[in-house]
Amino acid sequence: MLVCTAVAESSQKFDKAAPGAKSPRNAGYDIDVRLEPGDRSLHGTERIRWRNISANPTRELQLHLYWNAWRNAESTWLRERRLGGNTATPRGDAWGWTDIRQLRVHWGDRVDALTPRLHFIAPDDGNTADQTVAAVPLPRPVAPNETIEIEIEWSAKVPRPFSRTGYIDNYYFFGQWFPKIGVLEDAGWNTHQFHAGTEFYSDYGVYDVRMTVPRGYVVGASGREVSVTDGPNGTSIHRYHGDIHDFAWTTSPRFLVRTRTFRHPTLPRVQMRLLLQPEHADQEERHFDAAAATLRYYGEWFGAYPYDNLTIVDPAFQSGSRGMEYPTLFTAGTRWLAPRREIDVEEVTIHEAGHQWWYGVVGSNEFEHAWMDEGINQFSESRADQVAFGATNYLSRRYFGGFIPWVFDDIPVKREWDEGIAGYRAQAESDAEATPSFRYWPSTGGNITYFKTALWLHTLENWLGWDTLQHGMSTYFERWKFRHPNPDDFFQAIGAAAGRDLTPFFNDVYRGSNTFDYGVQQLTSTPAGKDHFRTTVVARRFGEAIFPVDVVTTFSDGSTKAERWNGVERRIIYRYDTNVRARSVAVDPNRVLMLDVNYTNNSRTLQPRGDEASLKWSLKWMAWLQDLLVTYASLV
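Residues numbered from 1 in each chain as written. Predicted model: local features only at pLDDT ≥ 70, side-chain atom pairs only at ≥ 80, totals over all residues. Heavy atoms only, no water.

(A) Local environment of the overall build of the protein. Each helix and strand counted, the protein has twelve helices and 32 strands in total. Taking 26 Å as the expected radius of gyration for a compact globule of 636 residues, we find that the protein reaches 28 Å, a close match to that expectation. By residue count, 54% of the 636 residues in the protein fall in the buried class. For the protein, contacts bridging at least 24 residues in sequence account for 70% of all contacts bridging at least 6. Accessible surface computed for the protein: about 27,000 Å², of which carbon and sulfur atoms make up 51%. (Helix = DSSP H or I, 4+ residues; strand = E, 2+ residues; numbered from the N terminus. Rg over C-alpha atoms; globule rule 2.2 N^0.38 Å. Buried < 20%, exposed > 50% of the residue type's maximum accessible area, 1.4 Å probe, protein only. Contact = heavy atoms within 4.5 Å. Areas by Shrake-Rupley, 256 points an atom, 1.4 Å probe, with all protein chains shown as cover.)

Here is the structure:
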């Protein structure tokens, strides 16, 4: 009976019409892997059943060997990390790598041993020291829609933490840990090297993975747990299964295991599993509440989470695995001291859970279009933060090496801060978003990928209305789930929902690196006869990017004159003849354009307000000084 079940399951792994199939299932993996804690190594065998879904035959296979990024100091990943400013030399026990021992290709009854043909390539930068992509010439081409099986035996040295993978003490987190086939597109293989500033891209398939670990170790992994059985020599074998496009796992004997069920009147039920560090036991509720908020709001706004389980991993201290996403599993991030008046715990959990939509279900190419995952998700997370936890989110800063938090209860966190407005303004012209993400400058690419995208989406929300933007995003999600979209697919969905041509806007925010900056160049209001004043307003476009803005002039009696400026000209002049003097003028007073890099020039007044400002800040500083003195008195 067990054999029959396995055969039936295997025959359905690559059949999208199979019961319960979610994805095209053209790259599925059967993996057996054993962790050896003694020498910090993995030993595995895998069988990849791969179907060529491109329009052209291929005469080679390309594989990712991500852990070779830490094989030598001249890998592309480490070179780029140095360019980004991190010049620290990895410690002697930090290095990691992957070695393929055997590689065979099965063509029905024929088997070809191709290990000697394996060689490394560097398609992005020609770096001969980089070994993160391997190519294997084939004895004959794989035709479109033809399926082959690739059998691999491999071993790997587990690094100390690099790029959110590796070990610290008896905690292990394994991301990008197995040889993974690239994505074959009509234009050829899309198999980028491992870059310091970008993440991943892979095809969907069924993963059936068996992990052998020391008995007593808790395991969390992508997919759903199928079984736990005793293995040889004091080990346990944990089997997981999932219809997904990547697989990550973690193991440690220290995890506290907690579970809760997400329930909603119109969304599917989801079993949430939390693997918690003992020192963070009192934060269980915060992790679950944030994950449930994501399942609720992302589900209501964009579309239901399509799986019935979700695993939240609380990483070990100094493990470097905080805040990373994988299908059905993600790492959160917290600290021993985590005040409830700031929502760092919730923000990380919502952000990483949110990747289940824009990375796990909509399969974006993060090497080339990282904004389609990270940026869309940064916007979505910031909105969910505001709706779910905005009332308890205050500015927090950490002192004494980041250990001691201090919450400023009188400074609520604004949504645009969460969207990274300061980081974007500092690097607004560093790269055009249309640049392939792996070519961004390493130290500034995140400001474009995450923050610029979040801010232009927030601008669209203000401009078009949330209902319109939400409709476009949910349409995009439904249309492209378990598929690989490109940027124009997203733009088309938003433009269709808006019912207008948004190409000029997308040209500025995506295809160019020009900045938006509108402001007031001049305001005068002078007597022009008895009870008569002539007011002149000069609004100016200081930046090169174009957006329509409102120009509102306020007069001394409280009346206003509002103009709608298309923003195209370098400047525009408005003149008013009134019986009262003008008091002030503001450009974009409602903050529709979140991308404005200098909001300080957006308004001007003819009535000095220095006394009000000095009184406000004097009172604040007096309160802070009083608090400091009270604190000092309590310590002496």
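The structure having been displayed, the exposition proceeds.
(B) Here's a closer look at the pattern of salt bridges. All chains considered together, the criterion is met by 34 salt bridges. A salt bridge links arginine 71 to aspartate 99; the shortest N-O distance between them is 2.6 Å. Pair noted here: arginine 71 is in the loop between strand S3 (58-64) and helix H2 (76-83) and aspartate 99 is in strand S4 (residues 97-107), with a separation of 28 residues, a long-range link. Since its relative accessible area comes to 27%, arginine 71 is described here as partly exposed. Note that glutamate 153 and arginine 104 form a salt bridge whose closest N and O atoms lie 3.3 Å from each other. Note that glutamate 153 is positioned in strand S8 (residues 147-157) and arginine 104 in strand S4, a separation of 49 residues in sequence. Relative accessible area serves as the criterion here: at 28%, glutamate 153 is assigned to the partly exposed category. (Salt bridge = Lys/Arg side-chain N within 4 Å of Asp/Glu carboxyl O.)

(C) Up close: helix H8 (residues 445-464). The first and last C-alpha atoms of H8 sit 28 Å apart over 20 residues, in line with the 28 Å expected at 1.5 Å per residue. Of all the bends in H8, the largest measures some 30° and sits at phenylalanine 451. A large share of H8 lies buried, amounting to 15 of its 20 residues. Trailing H8 by a residue or two, glycine 465 shows a phi angle of about 100°, which is positive. (Expected span 1.5 Å × (residues − 1). Bend = angle between axes of the 7 residues up to and from the residue.)

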